[in-house]
Amino acid sequence: MTPEEEKVEGRGLYEWVQALVCSVLTAVLVFTFAVRVVGVSGGSMRSTLQSGDMLLVVNGLLCGDYRRGDIVIAAKSSFEYGEPIVKRVIAVEGETVDIDFDAGVVYVDGEALNEPYIREATHLAEGTSFPLTVPEGCVFIMGDNRNDSRDSREPTLGAVDTRCLIGRAVFLLIPGQTVETQEREWSRIGTLS
């Protein structure tokens, strides 16, 4: 091999290593500051999400304002030992939440919510007094499996400051096993509603 051929081969190796390092660095930056993968633990979001589901989550700083219906990941040191929880936004700042536990209906600003995603009607009260107006900079969150969910109805969580939200779940990457079949339903992969 001539010295010129060795130089070309060395340059190729250098460029390959440089591309690899840039790719790894980009992946680290993206998964640190833009998106992350979060696993669902527990059944509080059944049937929308199953324990073991892996979600793609857009960072809270990038996803803009939270809206009613968003699936979010929250972490508050006074709740669930500071572990992240996955819940749905029911109301945002300034909105008033009221729950008729006898009828199982959730109201926001006096209107009953249309909630096709819930597993069953809301009959479990956890100690928060209603009606409750969501404070500025906060959201009111609940699990879709209402009677098996610890959420904003629990006084230790209450309305959640948006600074405690890790981000918004936007995509189901890998489904967990369903409780009913104990199998992964690969057809569930995709966007969340």
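Residues numbered from 1 in each chain as written. Predicted model: local features only at pLDDT ≥ 70, side-chain atom pairs only at ≥ 80, totals over all residues. Heavy atoms only, no water.

**Here's the deal with the overall build of the chain**
Defined as follows: A run of H or I in DSSP becomes a helix once it reaches four residues, and a run of E becomes a strand once it reaches two; helices and strands are each numbered from the N terminus. Partly exposed residues are those whose accessible area sits between 20% and 50% of the maximum for their type, while under 20% is buried and over 50% is exposed, using a 1.4 Å probe and protein chains only. Working rule for contacts: check all heavy atoms of both residues, and any pair within 4.5 Å makes them a contact. What sets the accessible areas is the Shrake-Rupley method with a 1.4 Å probe; for residues, cover comes only from the shown protein chains.
In terms of helices and strands, the chain carries one helix and twelve strands. Residues classed as buried in the chain amount to 39% of the 193 residues present. Within the chain, counting contacts between residues at least 6 apart in sequence, those at least 24 apart form 59% of the total. Looking at the chain as shown, the accessible area adds up to about 10800 Å², and 55% of this sits on carbon and sulfur atoms.

**Side note on the pattern of salt bridges**
Using the following cut-off: When a carboxyl oxygen of Asp or Glu is within 4 Å of a side-chain nitrogen of Lys or Arg, the pair counts as a salt bridge.
Evaluated as defined, the whole model comprises nine salt bridges. Here Arg 153 ties to Glu 126 by a salt bridge, and the two come within 3.7 Å at their closest N and O atoms. Here Glu 126 lies in the loop between β7 (111-112) and β8 (132-133) and Arg 153 lies in the loop between β9 (138-142) and β10 (160-161), a separation of 27 residues in the sequence. An identical accessibility class is assigned to Arg 153 and Glu 126; each is buried. The shortest N-O distance in the salt bridge between Arg 153 and Asp 151 comes to 2.8 Å. With relative accessibility at 0%, the residue Asp 151 sits in the buried group. What emerges from the salt-bridge pattern is a single network uniting Glu 126, Asp 151 and Arg 153.

**Remarks on the layout of surface pockets**
Where we set the bar: Of the grid points, spaced at 1 Å and generated over the protein atoms alone, those admitting a 1.4 Å probe that cannot get out make up cavities, while open sets with protein on both sides within 12 Å along at least five of seven lines make up pockets; any residue with an atom within 4 Å of a point is treated as lining. Grid points are joined across faces, edges and corners, and a volume is the space filled by probe spheres set on the points.
Its volume calculated, the largest pocket comes out at about 310 Å³. What lines the largest pocket is a set of 18 residues, and nearest its centre among them are Ser 41, Ser 44, Pro 84, Ile 85 and Val 86. Elements with a minimum of two residues in the lining of the largest pocket: β1 (35-39) and β4 (85-92). Broken down by element, the lining of the largest pocket gets its largest block of residues, three residues, from β4.

**What about the nonpolar core?**
Applied cut-off: Take the buried residues of types Ala, Val, Leu, Ile, Met, Phe, Trp, Tyr and Cys, join any two whose side-chain atoms come within 4.5 Å, and each joined set is a nonpolar core.
Judged by nonpolar contacts, the single largest core of 14 residues is most densely connected at Ile 90, Val 97, Ile 99, Val 106, Phe 130, Val 134 and Phe 140. Taken together, the elements giving at least two residues each to this core come down to β4, β5 (96-100), β6 (105-108) and β9. No other element matches β9, which puts three residues into this core. Not counting residues within four places of it along the chain, the set of residues in contact with Ile 99 comprises Val 105, Val 106, Thr 122, Phe 130, Met 142 and Arg 153.

**Notes on the sheet that holds β6**
So the rule is basically this: Two strands form a pair only when DSSP identifies at least two bridges running between them.
Taken together, four strands build an open sheet; the order of strands is β7-β6-β5-β8 and the sheet is antiparallel. Unpaired on one side and paired on the other, β7 and β8 mark the two borders of the sheet. Relative to β8, β5 runs antiparallel, the two being bridged by two bridges. When the bridges of β8 are listed, Val 97 appears paired with Leu 132.

**Focus: the state of the cysteines**
Heads up, the rule is: Cysteine sulfur atoms are paired as a disulfide whenever they fall within 2.5 Å.
Going through the model one piece at a time under the given rule, you end up with zero disulfides. Free cysteine: Cys 138, not disulfide-bonded; nearest cysteine sulfur from Cys 164 at 8.2 Å. Classification of Cys 138 by relative accessible area gives buried; the value is 11%.

**Observations concerning the packing of aromatic side chains**
Operational definition: Pairing of aromatic side chains here covers Phe, Tyr and the six-membered ring of Trp, requires ring centres within 6.5 Å, and sorts the geometry by plane angle: under 30 degrees stacked, over 60 edge-to-face, intermediate tilted. The criterion for a charge sitting over a ring is simple: Lys NZ or Arg CZ within 6 Å of the ring centre, and within 35 degrees of the ring normal.
Using the criterion set out here, one finds two aromatic pairs in the structure. Arranged with centres 5.9 Å apart and planes meeting at 75 degrees, the rings of Phe 130 and Phe 140 form a pair that is edge-to-face. On the criterion of sequence distance, the pair formed by Phe 130 in the loop between β7 and β8 and Phe 140 in strand β9 is long-range, its members being ten residues apart. Pair check on accessibility: Phe 130 and Phe 140 agree, each one buried. A connected cluster of aromatic rings, assembled from ring pairs, spans Phe 101, Phe 130 and Phe 140. Above the ring of Tyr 117, the side-chain terminus of Arg 88 is found at 3.7 Å from the ring centroid.

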